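Examining the three-dimensional arrangement
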Amino acid sequence: MAQFPNTLKQAIEWLSTFGKDSDGGVTRTLYSKTWREAQDALKKWMEGRGFHTYYDSIGNLFGRLPSDDAEAPTILVGSHVDTVKSGGKYDGAYGVIAGVLAINHLYEKFGKPKMNLEVVSLCEEEGSRFPIACWGSGMMTGVYSLNDVVGLMDSEGVNFLDAMKESGFHCQNYSLRNNLHAFIELHIEQGPSLEKLDKEIGIVQTIVGQKRFRITVKGETNHAGTTLMKWRKDPLHGAVKMILSLYEASMQYDDNLVATVGQLFVAPNVPNVIPGQVDFTIDARHPVESTLIHFYERFSREFFLLGKELGLEVELSKWHEVLPVQMDSKLNDKVLNICCEKGISYHVMNSGAGHDAQLFTRICPAAIIFVPSRAGISHSPFEYTSHQDLETGLKVLTQLLYELAY
Ligand code: HGY
Ligand code: MN
Ligand code: MN
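Definitions and cut-offs
- Residues numbered from 1 in each chain as written.
- Chains lettered and ligands numbered in written order.
- Predicted model: local features only at pLDDT ≥ 70, side-chain atom pairs only at ≥ 80, totals over all residues.
- Heavy atoms only, no water.
- Axes fitted to C-alpha atoms, helices over the stretch in contact; angles between N-to-C directions.
- Helix = DSSP H or I, 4+ residues; strand = E, 2+ residues; numbered from the N terminus.
- Parallel < 35°, antiparallel > 145°, perpendicular 65-115°, else oblique.
- Contact = heavy atoms within 4.5 Å.
- Nonpolar A, V, L, I, M, F, W, Y, C, P; charged D, E, K, R; others polar.
- Core = buried A, V, L, I, M, F, W, Y, C linked by side-chain atoms within 4.5 Å.
- Buried < 20%, exposed > 50% of the residue type's maximum accessible area, 1.4 Å probe, protein only.
- Donors = N, O, S within 2.8 Å, 3.2 Å for Na, K, Ca; no water.
- Disulfide = S-S within 2.5 Å.
- Salt bridge = Lys/Arg side-chain N within 4 Å of Asp/Glu carboxyl O.
- Domains from an automatic or database assignment.
- Buried area = accessible area lost by both parts, 1.4 Å probe.
- Phe/Tyr/Trp six-rings, centres within 6.5 Å; stacked < 30°, edge-to-face > 60°.
- Near = heavy atom within 4 Å.
- Polar contact = N/O pair within 3.5 Å; in protein donor to acceptor, adjacent residues only side chain to side chain.
- Areas by Shrake-Rupley, 256 points an atom, 1.4 Å probe, with all protein chains shown as cover.
- 1 Å grid on protein atoms, 1.4 Å probe; cavity = no way out; pocket = protein on both sides within 12 Å on 5 of 7 lines; lining within 4 Å.
- Sits in = over half its atoms within 2 Å of the grid points.
- Points joined across faces, edges and corners; volume = space filled by probe spheres on them.

1. Remarks on the packing of helix H1 (residues 8-16) against helix H11 (residues 387-405)
Between H1 and H11, the least distance of the axes is 10 Å, while the angle of their chain directions is 105 degrees. By the angle class used here, H1 and H11 are roughly perpendicular. Here Leu8, Lys9 and Ile12 of H1 lie close against H11, whose contacting residues are His387, Leu390, Glu391 and Leu394. Per-class residue counts for the contact of H1 with H11 are four nonpolar, one polar and two charged.

Shown next, in the form of structure tokens:
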């Protein structure tokens with residue numbers, strides 16, 4: 001393949017080579033070497049297409065093709081460049097690449113727009129390395145400040161600020177992004193709805209709220225052979241009962257309530273030693289905030305009761321929270337009209353996955369447009385969207401940007 005890609009398909013394959021795993025997945029976590037290589041390669045690719053590119057001081061990468069009027073508002077389009085561990089090649093990457101190609105195409109065909117068109121490759125959205133998610137969009141929209149990352153460590157004990165500095169970013173005097181006319185994100189659905197309904201485009205009305213927690217259960221480590229069961233204060237016994245109660249509670253709510261225990265750490269993690277401490281994470285989501293709060297209050301009460309019953313110490317810390325948001329109805333109406341005019345099938349839906357667009361609603365109208373995910377699989381090396389569906393999404397994005405900016 002030429003050093004830089006020309007088509008959407010080539011570009012997605014090309015970007016996926018940065019952080020490619022042996023199992024065919026992609027791992028590009030914030031401020032890692034592969035993350036920086038991917039951002040730098042995107043920067044060069046955009047410059048080769050005439051974009052003026054720049055980094056902000058935390059590693060969000062921007063590519064701008066200016067309008068006739070530099071003071072004109074900006075339409076920002078993009079998504080995130082980071083991935084989960086052993087993730088897919090489309091989650092985030094598709095929205096960044098499509099943004100570059102859409103803006104490039106409009107310039108070539110129609111010349112300078114009336115509004116500035118800018119693409120952003122947001123530095124981090126997943127929360128897969130450090131216990132913070134949407135760091136890139138969160139700084140741009142004022143959800144976060146530098147204080148929110150002081151003291152954060154990854155699972156290897158690497159300090160967030162050290163990793164950021166090592167990657168070349170210093171987060172000095174960061175200022176909120178203003179003068180944005182709209183933020184548009186093109187993204188894979190990461191769920192099965194569009195494929196099941198045989199629809200080409202998802203128009204997202206609501207992005208669910210989510211709360212992510214870390215639970216620490218402390219007991220008494222001891223010898224596996226000489227400690228009778230009735231003498232034990234085994235945190236893993238407690239954690240298992242807590243996790244079971246969480247799953248059972250989640251079934252008492254409507255289907256929109258989802259709860260996931262994605263990480264479980266047992267210390268000292270030795271076969272013939274009763275654990276001393278267990279840590280696990282909870283990712284809970286729902287489109288209605290009061291339901292999420294009700295669910296949290298229910299399972300946290302249960303956890304502390306179980307801790308008391310088993311003589312264990314329980315700590316519960318919330319490390320990520322984002323409210324459910326409604327996407328911009330005027331932008332969604334435009335997307336719907338584009339689909340009707342072009343004979344593209346669509347489905348108006350909610351998003352069970354969180355997205356950067358959710359945070360941009362704080363500072364400007366925002367929309368997120370979905371394309372189907374095969375079998376609804378995502379956050380996996382088996383994540384896949386057909387070339388045709390990817391191109392349809394790009395066509396809709398390009399038309400939307402044309403209608404907004406020209
Ligand atoms: O987890 C999510 O909802 C998103 O894919 N980061
Ligand atoms: Mn994503
Ligand atoms: Mn994701």
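2. Some words on the nonpolar core
Counting 74 residues, the largest nonpolar core has Tyr31, Trp135, Phe160, Ile184 and Leu401 as its most contacted members. The dominant element in this core, judged by the number of residues it contributes, is helix H3 (residues 93-110), at eleven residues. Not counting chain neighbours up to four residues away, the residues in contact with Trp135 comprise Leu30, Tyr31, Ile58, Cys123, Glu124, Tyr144, Ser145, Leu146, Val149, Phe160 and Met164. Listed in part, the 24 residues of the second largest apolar core include Ala239, Leu257, Val261 and Phe299.

3. Examining the coordination of the manganese ion (ligand 2)
Around the manganese ion (ligand 2), the protein supplies His80 (NE2), Asp91 (OD) and His187 (NE2) as donor atoms, at distances of 2.1 to 2.3 Å. In terms of primary sequence, the donors binding the manganese ion (ligand 2) are separated according to H-x10-D-x95-H. When its relative accessible area of 0% is taken as the criterion, His80 is described as buried.

4. Looking at the state of the cysteines
This structure, assessed with the given rule, holds zero disulfides. No disulfide involves Cys123; its sulfur sits 9.5 Å from that of Cys171, the nearest cysteine.

5. With respect to the pattern of salt bridges
A full pass over the atoms with the stated rule returns 16 salt bridges. Among the salt bridges present, the one from Lys241 reaches Glu309, with a minimum N-O distance of 3.6 Å. One end of the pair, Lys241, is in helix H7 (residues 235-250); the other, Glu309, is in helix H8 (residues 289-309), and 68 residues separate them in sequence. Classification of Lys241 by relative accessible area gives partly exposed; the value is 33%. Shared partners join several salt bridges into a network, and the residues in it are Lys211, Glu289, Lys318 and Glu321.

6. Here's the deal with the domain arrangement of the protein
Along its sequence, the protein is carved into domain 1 (8-208 + 325-405) and domain 2 (209-322). Computed over C-alpha atoms only, the centres of domain 1 and domain 2 are separated by 33 Å. At the boundary of domain 1 with domain 2, total buried surface from both sides reaches about 840 Å², with 59% on carbon and sulfur atoms. The three residues of domain 1 that bury the most area against domain 2 are Pro131, Ala133 and Val208, which together make up 44% of that side's buried surface.

7. Topic: the packing of aromatic side chains
Using the criterion set out here, one finds 24 aromatic pairs in the structure. A centroid spacing of 5.4 Å and a plane angle of 85 degrees characterise the contact between Tyr253 and Phe295, whose relative ring orientation is edge-to-face. Pair noted here: Tyr253 is in the loop between H7 and strand E9 (258-260) and Phe295 is in helix H8, with a separation of 42 residues, a long-range link. With relative accessibility at 15%, the residue Tyr253 sits in the buried group. Ring centres of Tyr402 and Tyr406 lie 5.4 Å apart, and the angle between their planes is 20 degrees; on these two criteria the pair is classed as stacked. Of the residues examined, Tyr406 reaches a relative accessible area of 19% and is grouped as buried. Taken together, Tyr31, Trp35, Tyr55, Phe130, Trp135, Tyr144, Phe160 and Phe169 form an aromatic cluster joined through their ring pairs.

8. A look at the site of ligand 1
All residues in the neighbourhood of ligand 1 are listed as Asp91, Glu125, Glu126, Gln190, Gln210, Arg212, Arg285, Ala353, Gly354 and His379. Within the side chain of His379, one N or O atom sits 3.0 Å away from an oxygen atom of ligand 1. Protein chains bury 94% of the 210 Å² of accessible surface belonging to ligand 1 in isolation. For ligand 1, the cavity whose grid points lie within 2 Å of the majority of its atoms is the largest pocket. Of the residues in the shell around ligand 1, the class split is one nonpolar, four polar and five charged. Counting contributing residues per domain, the shell around ligand 1 is built from domain 1 (8-208 + 325-405) and domain 2 (209-322), each supplying no fewer than three.

9. Focus: the coordination of the manganese ion (ligand 3)
Looking at the manganese ion (ligand 3), one finds its protein donor set to be Asp91 (OD), Glu126 (OE), Glu126 (OE) and His379 (NE2), positioned 2.1 to 2.7 Å from the metal centre. Mapped onto the sequence, the donors of the manganese ion (ligand 3) take the spacing D-x34-E-x252-H. Taken as a pair, the manganese ion (ligand 3) and the manganese ion (ligand 2) show a spacing of 3.5 Å, with Asp91 coordinating each metal. Here His379 lies in the loop between strand E16 (366-371) and H11 and Asp91 lies in the loop between strand E3 (74-80) and H3, a separation of 288 residues in the sequence. Exposure remark for Asp91: the relative accessible area of 5% places this residue in the buried category.

10. A look at empty space enclosed by the protein
Enumeration according to the criterion identifies one cavity of 30 Å³ or more in this entry. Reported here for the largest cavity is a volume of approximately 40 Å³. In terms of lining, the largest cavity is formed by Glu125, Ala133, Cys134, Gln210, Arg212, His320, Val322, Gly354, His355 and Gln358. For the lining of the largest cavity, the elements supplying multiple residues, two or more each, are strand E7 (209-218) and strand E13 (313-322). Looking at the lining of the largest cavity residue by residue, the class counts come to three nonpolar, five polar and two charged. A domain-level breakdown of the lining of the largest cavity finds at least three residues from each of domain 1 (8-208 + 325-405) and domain 2 (209-322).

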